[in-house]
Amino acid sequence: MIEIENLTKRFGSTVAVDDISFTVRPGLVTGFLGPNGAGKSTTMRMVLGLDRPTGGTAHVDGRSFVDLPSPARAVGAMLDAGQVHPRRAAQAHLTAIAETIGEGRVRVQQVLDLVGLTDQARRRVGTFSLGMRQRLGIAAALIGDPGIIVLDEPMNGLDPDGIIWVRSLLRRLADEGRTVFVSSHLMGEMAQTADHLVVVGRGRLVADVPTEQLLSGAASVVRVRGPEPARLARVLTDAGATVKRAGDSALHVSDLEPAQIARLTLDHRLEVHELVTERRSLEDAFLELTHDATDYRADHTTERTVTR
Amino acid sequence: MSSSVPATEHPMSTQQTQGPTLTRVTKSETVKLRTLRSHVALLAAAALFLLVLGPVQALGQVIAPQGGPPLTDLGAATSVALNGGVTAALLLGVLGVLSVTSEFPSALVRTTFWAVPRRGLVVRGKALAFSGLVLPIVLVGAAVALEVSRVILGRIGSPLTWAEPGTWWAAVAMSLYAVGWGLLGQALGWILRSAVGAAFALLGLMFVLPMLVALLPQPAADAVLPLLVSEAGSAMMRVDQGGSGLAPPVAALVWVGWMVAGLVVATITVRRRDA
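Parameters and conventions
Residues numbered from 1 in each chain as written. Chains lettered and ligands numbered in written order. Predicted model: local features only at pLDDT ≥ 70, side-chain atom pairs only at ≥ 80, totals over all residues. Helix = DSSP H or I, 4+ residues; strand = E, 2+ residues; numbered from the N terminus. Buried ≥ 20, exposed ≤ 12 C-beta atoms within 10 Å, placed from the backbone. Contact = placed C-beta atoms within 7 Å. Nonpolar A, V, L, I, M, F, W, Y, C, P; charged D, E, K, R; others polar. Pairing = 2+ DSSP bridges. Axes fitted to C-alpha atoms, helices over the stretch in contact; angles between N-to-C directions. Expected span 1.5 Å × (residues − 1). Core = buried A, V, L, I, M, F, W, Y, C linked by C-beta atoms within 7 Å. pLDDT = per-residue confidence, 0-100.

(A) Molecular detail of the overall build of chain B. Helix and strand content of chain B: 11 helices and 0 strands. N-terminal to C-terminal, the α/β element order of chain B is α-α-α-α-α-α-α-α-α-α-α. C-alpha extents for chain B along the principal axes are approximately 75 × 50 × 30 Å. Counting only residues that meet the buried cut, chain B has 48% of its 275 residues in that class. When contacts within chain B are restricted to residue pairs at least 6 apart in sequence, long-range pairs at least 24 apart make up 78% of them.

Structure (structure tokens):
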């Protein structure tokens, strides 16, 4: 169990993590989603005691990571697959980690087998592909047979086979009752992997929901266009819909079926030029969630600034 | 392939004994030292210089004994025999720097601090691993260089003999000196995190600082100079009892004091920073 409360991190005047609170529970794969630069890695570093929070706490099994009697046996972590000396052999890297918790050759061999790097064990890590480095990083994380696993972007650079492998490994680890906390900037990838999603954007918590809920919320939206969008919006909102402006005369309506919308416009004698169901992709849902919280945004920003 | 390959059984009650200890961290750091080819090469080169340079100079003294005063006293003879020591110390200083700074470009240090979150333990473990690996090698290297030189210099009747405690002291002091350079390199590596920066700082501390201090007004310079790490280092290796500067045992204490101070500052720095 990882408990994060009001966690904040500032680097100078930049707020990397802004008052985030959530809990990562055992037995589930929890996806940590957000665009690049949203504060995911910083949050994970604070969980592992590598960065000191400016405010708030990140607790692991009820205390801070640094105070755990055997940290690497409690929390396995891979923050970046590149955190290995490129000229050291994979086996030597793992042995150095294993020695710190009194494990040796046997355990190193087990994790090498587990990630399928047995034949590459004596090769220098610098010659590894990114996928192999990810596997090595996961092997390092699992050396202490930890109850909590924290992986930063473990699917980055993996081929489809590798992604399926990581996915099934995470599933198995969660099914064994472990806490699995995995970050990604790809919504689609996480939707298929995680049971629960914690979404951040620009350092802020945007959503903390079961994956199912986010998916159903993302399922569809109805686009309604007419000459009186303001009145239309009021009528639909009164009927319990969630309405968002989509351009000058169009609205994006959710929480109401197309038939109900048509009935309402008829009842209120509102002219409608277009009424169409738009399937939103997961990416759209994600973008919408993080839209206001994204640091690097393309065209939309300029458009808005101009119209203002 | 099952993911639940358990490590050794560890119920919660014994977890305390399964965490990182100084012994374990030292073992881990020794693995790191031994498994990088560049580290091993530096250590081998240092040992080679220590073994070869002294006896070669001793041979030169026998073949063409005109360079300087004849080797009538023990101090002159041991300093010929351990002629390679300073070069070895330089290389070991670089090894000390690299043993720390090689963790930074790849951010391996984060993996290290994840496995051992108590960073003081890492600083101490690295220092112990370095000392444990290097000290026996330089001690044996110095002894062999002295013995070979003794045999060679015996031909021109030099007073170099193991019957003199000064000869033993020379071997021990040289080993302390060489290891000390490495530990100072480690401390600077932790503080500066850059190989180049730490190496230059080490050279500055050893060669430039004494020159700067010598520029101070006279009483101040005389008071401070012997306490500098470079001066304490050479005073420690002096075999003859006369001469200026600190007595060798006192100098050795000052030398070790510098190492301890360096590692304490390193620990404080590393604890305060984000990794």
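Next, the rest of the story.
(B) Seen up close, the overall build of chain A. Scanning chain A for helices and strands turns up 12 helices and 13 strands. Expressed as a percentage of its 308 residues, the buried residues of chain A come to 45%. Residue pairs in contact within chain A that sit at least 24 positions apart in sequence constitute 68% of those at least 6 positions apart.

(C) Here's a closer look at the interface of chain A and chain B. In this assembly, 42 residues from chain A lie in contact with 35 residues from chain B. When residues of the side of chain A that touches chain B are traced back to their parent elements, those giving at least two are α2 (71-74), α3 (90-100), α4 (105-115) and α6 (160-175) of chain A. Class assignment of the residues belonging to the side of chain A that touches chain B gives a composition of 20 nonpolar, 10 polar and 12 charged.

(D) Region of interest: the sheet that holds strand β1 (residues 2-11) of chain A. Residue and element names in this part refer to chain A. One open sheet accounts for 3 strands, arranged β2-β1-β4; its pairing is antiparallel. In this open sheet, the two strands that pair with only one neighbour each are β2 (14-24) and β4 (55-60). In this sheet, adjacent strand axes meet at a mean angle of 20° when their direction is disregarded. Summarising the sheet, β1 and β2 pair through 7 bridges and their orientation is antiparallel. Bridge pairing in β2 links Ile-2 to Val-24. Contacts from helix α1 (residues 40-47) reach β1, β2 and β4 within the one sheet, and its direction differs from that of β1 by about 115°.

(E) Focus on the pairing of strand β9 (residues 204-210) of chain A. All names here are of chain A. Where strand β8 (residues 196-201) and β9 come together, 6 bridges link them in antiparallel fashion. Across the sheet, residue Val-200 finds its bridge partner in β9, namely Leu-205. Where β8 folds back onto β9 in an antiparallel hairpin, the turn is made up of 2 residues, including Arg-202, whose phi is positive at roughly 50°.

(F) Examining helix α5 (residues 130-142) of chain A more closely. Taking 1.5 Å per residue, 13 residues should reach 18 Å; α5 of chain A reaches 18 Å between its end C-alpha atoms and fits that length. The element α5 of chain A is extensively covered by neighbouring structure, given that 11 of its 13 residues are classed as buried. Those residues of α5 of chain A that sit buried are Met-132, Arg-133, Gln-134, Arg-135, Leu-136, Gly-137, Ile-138, Ala-139, Ala-140, Ala-141 and Leu-142 of chain A. Along its buried surface, α5 of chain A packs onto β5 (75-78), α3, α4 and β6 (148-151) of chain A together with α5 (108-115) of chain B.

(G) Inspection of the nonpolar core at higher detail. Leu-94, Ala-139 and Val-150 of chain A together with Met-174, Leu-184 and Met-236 of chain B are the most contacted members of the largest nonpolar core, which totals 155 residues. Here this core gets 15 residues from one element, more than from any other, and that element is helix α7 (residues 165-192) of chain B. Apart from residues lying up to four places away in sequence, Val-150 of chain A is in contact with Met-44, Val-47, Leu-48, Val-75, Ala-77 and Phe-181 of chain A.

(H) Up close: the confidence of the model for chain A. Residue and element names in this part refer to chain A. Considering every residue of chain A, the mean pLDDT works out to 87; 90% of them sit at 70 or more. Mean pLDDT per element in chain A: helix α12 (residues 299-307) is the minimum at 37, and β6 is the maximum at 97. Below a pLDDT of 50 lies the segment residues 294-308, which in the model reaches 6 contacts outside its immediate sequence neighbourhood of four places, other chains included.

(I) Region of interest: helix α8 (residues 195-214) of chain B. Residues and elements named next belong to chain B. Between the first and last C-alpha of α8 there are 28 Å, a value that for 20 residues agrees with the 28 Å anticipated at 1.5 Å per step. Listing the buried residues of α8 in full gives Ala-198, Ala-199, Ala-201, Leu-202 and Leu-205. Contact partners of the buried residues in α8: α4 (85-101), α7 and α10 (229-236).

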